[in-house]
Amino acid sequence: MEPAGMDYFCEQVQQKDVGRRMQVGQELLEYLGDPARSSDLEQDQQRLDKVIDELTAWVNSSNFKVRL
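Predicted model, so just to flag it, every value in this text is computed and none were measured. (Residues numbered from 1 in each chain as written. Predicted model: local features only at pLDDT ≥ 70, side-chain atom pairs only at ≥ 80, totals over all residues. Heavy atoms only, no water.)

Asker: What's the story with the pattern of salt bridges in this structure? I'm lost.
Answerer: By the definition in use, this model includes two salt bridges. Close ionic contact of aspartate 7 with arginine 47 constitutes a salt bridge, the shortest N to O distance being 2.4 Å. With a gap of 40 residues between them, aspartate 7 in helix H1 (residues 6–12) and arginine 47 in helix H3 (residues 45–59) connect regions that are remote in the sequence. Relative accessible area serves as the criterion here: at 42%, aspartate 7 is assigned to the partly exposed category. For arginine 20, the salt bridge goes to glutamate 27, with nearest N and O atoms at 4.0 Å. In terms of burial, arginine 20 and glutamate 27 fall into one category: buried. (Salt bridge = Lys/Arg side-chain N within 4 Å of Asp/Glu carboxyl O. Helix = DSSP H or I, 4+ residues; strand = E, 2+ residues; numbered from the N terminus. Buried < 20%, exposed > 50% of the residue type's maximum accessible area, 1.4 Å probe, protein only.)

This is the structure we're talking about:
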């Protein structure tokens, strides 16, 4: 199943499972790297802000794989 967009990532970045975070992180990188798929970014600033806030917590994670 292909991610629906920022709605999908807004929910998924809140996962606490390390394995799931690793998977979502890769999916998010692919999504952001494809302008055709990530066209909804400019239209949904609030969701983007929420995703960024959650990703900031990932950077502070004690798991080095998640931080990377």
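And the narrative resumes.
Asker: What is the right way to read the packing of aromatic side chains from this model?
Answerer: Aromatic ring pairs are described here by two measures, namely the spacing of the ring centres and the angle between the planes. Using the criterion set out here, one finds two aromatic pairs in the structure. Aromatic side chains tyrosine 8 and phenylalanine 9 sit 5.0 Å apart centroid to centroid with 80° between the ring planes, which places their arrangement in the edge-to-face category. We classify tyrosine 8 as buried; its relative accessible area is 14%. Between phenylalanine 9 and tyrosine 31, the aromatic rings sit 5.0 Å apart at their centres with planes inclined by 45°, giving tilted as the arrangement. Placement of the pair is phenylalanine 9 in helix H1 and tyrosine 31 in helix H2 (residues 18–33), with a sequence separation of 22 residues. Classification of tyrosine 31 by relative accessible area gives buried; the value is 1%. Taken together, the ring pairs in this structure connect Tyr8, Phe9 and Tyr31 into an aromatic cluster. (Phe/Tyr/Trp six-rings, centres within 6.5 Å; stacked < 30°, edge-to-face > 60°.)

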